[in-house]
Amino acid sequence: MLKTLNQRIFLPAFVSPLEEKNQTGSKKQFARPKLDLLQPLRQWLDKIEIQNRKLAKLIAKLIPAQCPFERDLMLFGRKIGHIPPMCKLNPLYNELVYLRFRALCYLVDQCGEDIQSYC
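Residues numbered from 1 in each chain as written. Predicted model: local features only at pLDDT ≥ 70, side-chain atom pairs only at ≥ 80, totals over all residues. Heavy atoms only, no water.

**Re the pairing of strand S5 (residues 71–75)**
The condition is simple: One bridge is not enough; two strands pair if DSSP finds at least two bridges between them. Secondary structure is summarised from DSSP: a helix means a run of H or I of at least four residues, a strand means a run of E of at least two, and numbering begins at the N terminus for each.
Here S5 runs beside strand S6 (residues 78–83); their pairing, made up of five bridges, is antiparallel. For Arg-71, the partnering residue across the bridge sits in S6 and is Ile-83. Between S5 and S6, which pair antiparallel and follow one another directly, the connecting turn spans two residues, one of which, Phe-76, has a positive phi of 55°.

**What to know about the nonpolar core**
Heads up, the rule is: Here, nonpolar core means buried Ala, Val, Leu, Ile, Met, Phe, Trp, Tyr and Cys residues that are tied together by side-chain atoms lying within 4.5 Å of each other. Only protein chains enter the calculation, and the probe is 1.4 Å; a residue is then buried if its accessible area is under 20% of its type maximum, exposed if over 50%, and partly exposed in between. Contact between two residues is taken to exist if any of their heavy atoms lie within 4.5 Å; hydrogens are not considered.
One finds Ile-50, Ala-56, Ile-59, Leu-99, Leu-107 and Tyr-118 to be the most contacted residues of the largest nonpolar core, which totals 15 residues. Of all the secondary structure elements, the ones that give two or more residues to this core are helix H2 (53–62) and helix H3 (93–109). It is H3 that contributes the most residues to this core, five residues altogether. Leave out the neighbours within four places in its chain, and Ile-59 touches Ile-50, Leu-99, Arg-100 and Ala-103.

**Points about the layout of surface pockets**
Short version of the rule: Both site types are read off a 1 Å grid over the protein atoms alone. A 1.4 Å probe that fits but cannot get out defines a cavity, while an open set with protein on both sides within 12 Å along at least five of seven lines defines a pocket; lining residues have an atom within 4 Å of a point. Grid points are joined across faces, edges and corners, and a volume is the space filled by probe spheres set on the points. Charged means Asp, Glu, Lys or Arg here, nonpolar means Ala, Val, Leu, Ile, Met, Phe, Trp, Tyr, Cys or Pro, and polar covers whatever is left, Gly included.
In this structure, the largest pocket encloses a volume near 210 Å³. What lines the largest pocket is a set of 14 residues, among which Ile-63, Pro-64, Cys-87, Tyr-93 and Val-97 lie closest to the centre. A total of six residues in the lining of the largest pocket trace back to one element, the largest contributor, which is H3. Across the lining of the largest pocket, the residue classes break down as eleven nonpolar, two polar and one charged.

**Quick word on H3**
Rule in force here: Multiplying 1.5 Å by the residue count of a helix minus one yields the expected span of that helix.
With 17 residues, H3 ought to run about 24 Å at 1.5 Å a step, and its terminal C-alpha atoms sit 24 Å apart, in line with that. Residues of H3 that are buried include every one of Glu-95, Leu-99, Arg-100, Arg-102, Ala-103, Leu-104, Tyr-106 and Leu-107, and no others.

**Examining the confidence of the model for the protein**
Stated formally: pLDDT gives the predictor's per-residue confidence on a scale running from 0 to 100.
Taken over all residues, the pLDDT of the protein has a mean of 78, while the share at 70 or more is 73%. Throughout residues 9–21 the model reports pLDDT below 50, and contacts reaching past four residues in sequence, or to other chains, amount to 21 contacts.

**A closer look at the packing of helix H1 (residues 39–47) against H3**
Between two packed helices, the angle of one axis relative to the other and the distance separating the axes together describe the packing. This is how it is decided: All axes are obtained by fitting lines to C-alpha atoms, using only the stretch in contact for helices, and the reported angles, taken between N-to-C directions, cover 0 to 180 degrees. Any angle that is under 35 degrees is reported as roughly parallel, and any over 145 degrees as roughly antiparallel; angles of 65 to 115 degrees are reported as roughly perpendicular and all others as oblique.
Two numbers describe how H1 lies on H3: the axes approach to 9 Å, and their chain directions differ by 10°. As the angle between them shows, H1 and H3 are arranged roughly parallel. Contacts between H1 and H3 involve Arg-42, Leu-45 and Asp-46 from the first element and Glu-95, Leu-96, Tyr-98, Leu-99 and Arg-102 from the second. The class makeup of the residues in the contact of H1 with H3 is four nonpolar, no polar and four charged.

**A few points about a nonpolar patch on the surface**
Operational definition: Nonpolar side chains (Val, Leu, Ile, Met, Phe, Trp, Tyr) are joined into patches within 5 Å and like charges within 9 Å, using only residues with over 30% relative accessible area and no salt bridge. Areas reported here follow the Shrake-Rupley algorithm with a probe of radius 1.4 Å; residue values treat only the protein chains shown as occluding. Salt bridge, as used here, is a side-chain nitrogen of Lys or Arg placed within 4 Å of a carboxyl oxygen of Asp or Glu.
Taken together, the side chains of Leu-73, Leu-75, Phe-76 and Ile-80 make up a nonpolar region of the molecular surface, amounting to roughly 470 Å² of accessible area. Structurally, the position occupied by Ile-80 is in strand S6. Taking the relative accessible area as the measure of exposure, Ile-80 reaches 57% and is therefore exposed.

So this is what it looks like as structure tokens:
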């Protein structure tokens, strides 16, 4: 958005059409629609149905129970730093955790397996 002489100019090549939300006096407020490029992938992950023991085991093994990157940096037995869990930065983190949960539930409910080795 460019502002010249108190007029707003929207560049249509870069900005999608905006919806007018509220009008208060001469000041207009606009709500920008969010562009989520990963939404189709999120929906695909949420729609995966676990109906196969081998697939459920593979998913449970591939998706870790805890973030493998979180570490305490130790030097001579003293903690000098901490690497935070990077998994939360993954935009598909919630969908992957839920997929792993569904796979573990399938193994317990449908196959009667002990999932302690996956935890």
